Every structure is written in structure tokens, then in C-alpha cells.
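Analysis of the macromolecular model
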Amino acid sequence: MSDTEINNESGNNALDNSNRILDDYDFASSVWASFDHFEKLELFLKYNDEQNGLINYNLKNKTQLTVKVRARAVDKNGKTLPLTVADLKSVACLCVYETDGSFYQNNGSWKLYQKSDGSDYQPVLTEKLSNQNTYDIYGVGKETGDAECDLYIAPNGTAFDLVNIAVHLDIPGHGRSGTAKGKATGAYPECYISVRGITSVWDVCESISSLAISYAESTNSKSTLYANGRNQAPAKISVSAVDAQGHYLNLMVSDFITEYKKQYSTPRLELINTHNNDDVLVFNGTKGACYTFTANEWNNPVNYASGPRVIASADNGICDIPVYIYSHTASAGKDISVRLNIPDVACITTALTSTGQWSSYASSKVTLTFLAKIDYSDVSKLTIVEKGWSTLCDTVHITYHANNWGGSSHSQSNAVVRSKQVLIKPDVGNSEVKLLNEKTAVLNRTHCAPYNTKEKIGMYGYSSAHSADTYVQSLLDYTPEHGGHIVAWGVEVPPDMKKFGFLFTSGHDCQDETNYEPYEYHYMLDINENCGKRSWIVSPASVEGVVTLHALEASHSIDNYCHHWPAWTPKIIPVKVTVWDNFGNTGTFQISWDQRTYTPTISG
């Protein structure tokens, strides 16, 4: 790099001393007021014993290097000054070794710039050497009186080959001290580090040191999925690599897949049949066994884990790439391995080779069984659980009136009001399978208008979000030979509908407005307030993992005075319901009601 280039790059944007001083740093009362000279001044890469580092400039500010600056300052009497990190950072700046030109700070005007903090720290090399448990020279060679601070350098995305970096410190009233070319003193020598730019971590990869596939959160090697194209098994592909000096490369997920979780034009990671290298699972496929890099809400396989996966301490340098396996086709146990293909670097696999021997990255596979999907349109996969009627009161006083209140009234005091809950749940031989209440959809809710011209059906249960009549799916009425009955069924009544039942209205004997008007007669089913109830209601609490039905019934027996008029047409409208379970299985079925048995039935 020429002096002219550096001078032109520095220009008006190079930082002067005032721009580098901490805003809240008081030099007049600081330790620098007693400064005379440096007895030591040096810099090195924090995690590397060599004087050169690597930066992936394609990643811009997401990759950087940490530079350790070490200094020992004394006053005019030779007494060591007690420098702190803040003291050093108030005056230190990285510079170009050949010219002493300052680096820009916190901007990308030049190919490299100095950052104020270590955020987004993604070095090309890790902190570990492949043949050592740890390597960190932080503190190594540090002597009494030495002070240290970290400075950070990052690229702006511009290509560069090699830059030599020194450090200088501007002390008010004392000028500049530094390790750049021609700036050192007898107390400390010229000193620099070299930074080389690369386009990819694969530019410096010497070899792949490990490759494996395992379940993401389990030590178990076998699992089961439903082959519905949605149920996923979360797995991890674990890779480590080293450079020519044996340093682990700091691999990132983006080294294997794109930032949009897609494959590169030449796929770098593939899942394959352990016993047939040519049998490749389809990426984002819609047929057969597939895999994706994107998790969905059903990434919970059946019989998954026996315990959490623990990364051993020897796993230094490993990058875990999440992958999710699924299938559209049922099949017995399938062994799945991984193939890594990095152009101009390596193509290796953990599957069996063509000769039937394991590769050098052997014994790494996961085994999956793909169960046939559950289709809830087949109602043999469902069962109805009847909990029976619960009597709310069996001494209700009910009054019958003639049309327009013009005729005589007749009463019974032994009428009954009762409620019932019915559950529809999976019946697939696996207790883990539960319906997802939040995904259950009633496709054709009946709107039983409360104050219709011909048939007035008053139902309790209004809320800010729901109208009770919208959630009354069927209303059943029986003929005189069986007594008077009215039954209201609700399907998946919302939790924010606080009550569900017969409505109490003011006036005329506290009637509940459940009535009908055939011909010249007007009969009403009135619930007298003397029974202690102003309305008959139930709380429609939903049960997790099932489709919940609620019923409320008011009935009276046959008497010699008045019968429920037989001409009223019952509203019995089947409802279609779509359900999903916690493994991604789905289906639509129909619920109907029997007018004589009060019970629901289901059909496909």
C-alpha cells in the first residue's frame, strides 16, 4: 500500500486527538497529567500467538479482530503510572504501520475501521487451537505496572489483501507515541500486526476436522414422525474445520446455507440415505422424505428424546446447523446421514461409501420411522365422550300461556333444567396426540336469530365479541307425546363468552322468551322467578385437546291441560368442523344431532 494511498484515504476524515478522547474523560485531573514517557508499548492479536490475523471482508462489520494494546507509562521520576482501561482507551488509536495514518472510527469510509466496542464479534479463527484445550495469551508476558485494553477492527466490505497495523497514543502536551514505522523509541521497538482480507472462511480451510448429524435436543438416535408433510424432527449438523496452522475456523451457519435459509447454487449440506449415497432427501420437498432449514410449529416428533443433547468440551470450533426432517410418505425405519460439499475444499459424508465401509466421519446418522398420517375425515380416528346430564334444578315452575295472553294459563312445578358437556377426541392409540383448540374451526355456524318473526329463540350469552345466538348450533323441540323439550347445543363456544343458556327477560312472569307462534296460538315456556333463578346458564369452559360441545335443556312432562304444539319445526343443522392436532395431522368432519336421543353423531 503506497503512502499516497494512505494519505488520500486519511484526508479530512482521519481522526485527530480531540475526536478520539472519551467525551466524559477529564485529562486535567487524570493520570496523564503526570505522564513523561512510555517504557513499554506493544500490540498483538488477543487470541493468536502469531502476528497476523484474518478478516472476512464480505461479512462487513459482522467480522472483526480484537487487538490487545499493552503499555507501561512513567512520570519524570521514573515512577510507574497506574493506568486503567479507560486511561488507555482515551488516547489509543490503531493506525497504518507504514504511514502512522489513523484509522477511521465507527464508520466504513476506508476498507478497515476501528470500532468502539466488541459487538458482533465474528473472527475467522476461534479462540481454540485444535491440539489444545485452550489458547489465550491475554495476560501472558504482562509485567507489574503494565496496563492493557482491547481495540477492535472491522472491514467495510471492500476487498483488500494485507494491511499492517500499529498503534499510537496522543497525550495532550506530550505529542504522539506509537509503534508505527520510524516512531518507536529506545524504550520500545516498532511493532505491528498484519491483517489479511479473505472472501470466505473456506479460503483458508485446510481440512474438515469433524462432521456429524444428531438430534437437536436429544441423545436418542431414533425417533418417529407422522408422514403428513408437516411434522418435523429437529436435528443438527455439526461441523468443524481448521486452517494450515491448526487453528479452528470460526464457522457460521451462513458458511453452509444462505441468510434466507436456502441452499447455495451448489448445495453445501445435504441429507442422504445412509445406505445409498444416491438417495438424497428433497430440500423443501413435497413428496417422500424431505428436509428444510426452517422450523414450523410441528417440530415435535413422537417418542423423541431420552435426554438433552450435551456438547462435550472437546467440541471446540464446532458449528451446529439446524435442520428439520419431515416426510409425505409412511415408511419403516430410515437411516439418514449428512453429506458436506464445499467447492474446491471437500466433499465428504457420514454415510456408507460405495464399498460398504464407513467414511472417516463414520457412525453418524439418525433413524426415523414415518407413521401414516392421521386423517380426521375418517371418523374412526375420533371418539365421542359423553359425560351425561347434570341437573341444575328439578322443581322449576313453568307456565304456559295462550296466544296474546287471552286464554287461560296452566303451570307445572316439576319442570327440569339440566346441562351437559360432550367431548370429541382423537382415538388413534397414542395418548400424546391432542387436538389444538386454537386451530379448531367451525365452518358453518348456524345463526338462530333470537327474535325471528315466527320462532322466537332467546339465548343468554352476549359478550363484547360474540352473540350467543351465533354459537347455538342446533335447537331441538319434541312433540306432546314426549313432553315439551327445548335443547340448545353450542359447538366450541369461545372462552370469552362468559355464559351460555336460556335468557331471562323482564315482564310477563319472568319469561325466558323461548316460544313459538303456530297459527292462532302463542305458547311460551316461562321460568318463574320464584324458583330463585333469574336465568339458566352454564359456563362454557373449553377442554384442552378436544372439540367441546355444550348443551342446555329445559323440559316438562305431559299433563292434561296443555301440550307443546307439535307444528314447531326444529332447527337441527349439521356443522362441519376442521381440526388439527399437535403433530400436524388434520381433517374435517360433520356433527349432527338426533332429535329423539339428544345425542350428537359424527360423520366424514
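In short, a report on the structure. All values derive from a computational prediction rather than experimental measurement. (Residues numbered from 1 in each chain as written. Predicted model: local features only at pLDDT ≥ 70, side-chain atom pairs only at ≥ 80, totals over all residues. Heavy atoms only, no water.)

**As for the sheet that holds strand β6 (residues 112-115)**
Counted only if it meets this: Strands were regarded as paired on the criterion that DSSP finds at least two bridges between them. The numbering of helices and of strands both runs from the N terminus, where a helix is a DSSP run of H or I of at least 4 residues and a strand a run of E of at least 2.
Reading across the sheet, the five strands line up as β1-β3-β8-β6-β5 and stay open at both edges, with mixed pairing between neighbours. Taken across any chain shown, the strands that pair with only one partner, and hence form the sheet edges, are β1 (37-45) and β5 (104-105).

**Digging into the pairing of strand β19 (residues 289-292)**
Here is the rule we go by: Each residue is placed in one exposure class: buried if its accessible area under a 1.4 Å probe, protein chains only, is under 20% of its type's maximum, exposed if it is over 50%, and partly exposed if it falls in between.
What you see with β19 is no split at all: A289 and Y291 on one side and C290 and T292 on the other are buried throughout. Taken together, the two bridges between strand β18 (residues 282-283) and β19 define a ladder with parallel strand orientation. Looking at the pairing, F283 lines up with Y291 of β19. Judged from the four bridges that link them, β19 and strand β20 (residues 319-327) form a sheet pairing that is antiparallel. Across the sheet, the residue bridging to A289 is S327, located in β20.

**Focus on the pattern of salt bridges**
For clarity, the cut-off: We define a salt bridge as a side-chain nitrogen of Lys or Arg found within 4 Å of a carboxyl oxygen belonging to Asp or Glu.
Counting across every chain of the model gives 16 salt bridges. D146 is the partner of R72 in a salt bridge, and the nearest nitrogen-oxygen pair spans 2.5 Å. Of this pair, R72 sits in strand β3 (residues 65-74) while D146 sits in the loop between β7 (125-129) and β8 (147-155); the two residues are 74 residues apart in sequence, bridging distant segments of the chain. Each member of the pair, R72 as well as D146, is classed as buried. For D100, the salt bridge is made with R176, and the minimal N-O distance between the two is 3.1 Å. Within this pair, whereas D100 is found in the loop between β4 (92-96) and β5, its partner R176 is found in strand β10 (residues 175-178), the two being separated by 76 residues in sequence.

**Quick notes on the sheet that holds strand β26 (residues 441-442)**
One open sheet accounts for four strands, arranged β26-β37-β38-β39; its pairing is antiparallel. The open sheet is flanked by β26 and β39 (600-603), the only strands paired with a single partner.

**Overview of the side chain of N228**
To keep things clear, this is the line we draw: Polar contact criterion, stated in full: a pair of N or O atoms within 3.5 Å, where within protein one must be able to donate a hydrogen and the other to accept it, and residues adjacent in sequence count only if both atoms are side-chain atoms.
Take N228: it is sitting in the loop between β13 (222-227) and β14 (233-242). For N228, a relative accessible area of 8% gives the class buried. Among the polar contacts made by the side chain of N228, one reaches the main-chain amide nitrogen of N231 at a distance of 2.9 Å. In this structure the side chain of N228 is engaged in a polar contact, spanning 3.5 Å, whose partner is the backbone oxygen of G584.

**A closer look at the packing of aromatic side chains**
To keep things clear, this is the line we draw: Between 30 and 60 degrees the pair is tilted, below 30 it is stacked and above 60 it is edge-to-face, where a pair is any two Phe, Tyr or Trp rings, Trp via its six-membered ring, whose centres lie within 6.5 Å. Geometrically, a charge over a ring is one whose NZ (Lys) or CZ (Arg) sits within 6 Å of the ring centre while staying within 35 degrees of the ring normal.
Per the counting criterion, the structure on display carries 13 aromatic pairs. Judged by centre distance (6.0 Å) and plane angle (40 degrees), the rings of W489 and W593 are tilted. Taken together, the residues span a long stretch of sequence, with W489 in strand β30 (residues 484-491) and W593 in strand β38 (residues 586-593) at a distance of 104 residues. In this pair, the class of W489 matches that of W593, namely buried. Across the ring face of Y264, the terminal group of R268 is positioned such that the distance to the ring centre comes to 4.0 Å.

**Description of the environment of Y188**
Which entries qualify depends on this criterion: Should any heavy atoms of two residues lie within 4.5 Å, those residues are considered in contact.
Structurally, Y188 is set in the loop between β10 and β11 (193-198). Residues Y188 and L41, 147 residues apart in the sequence, show an inter-C-alpha distance of 6.0 Å. Apart from residues lying up to four places away in sequence, Y188 is in contact with F38, K40, L41, S177, G178 and K183.

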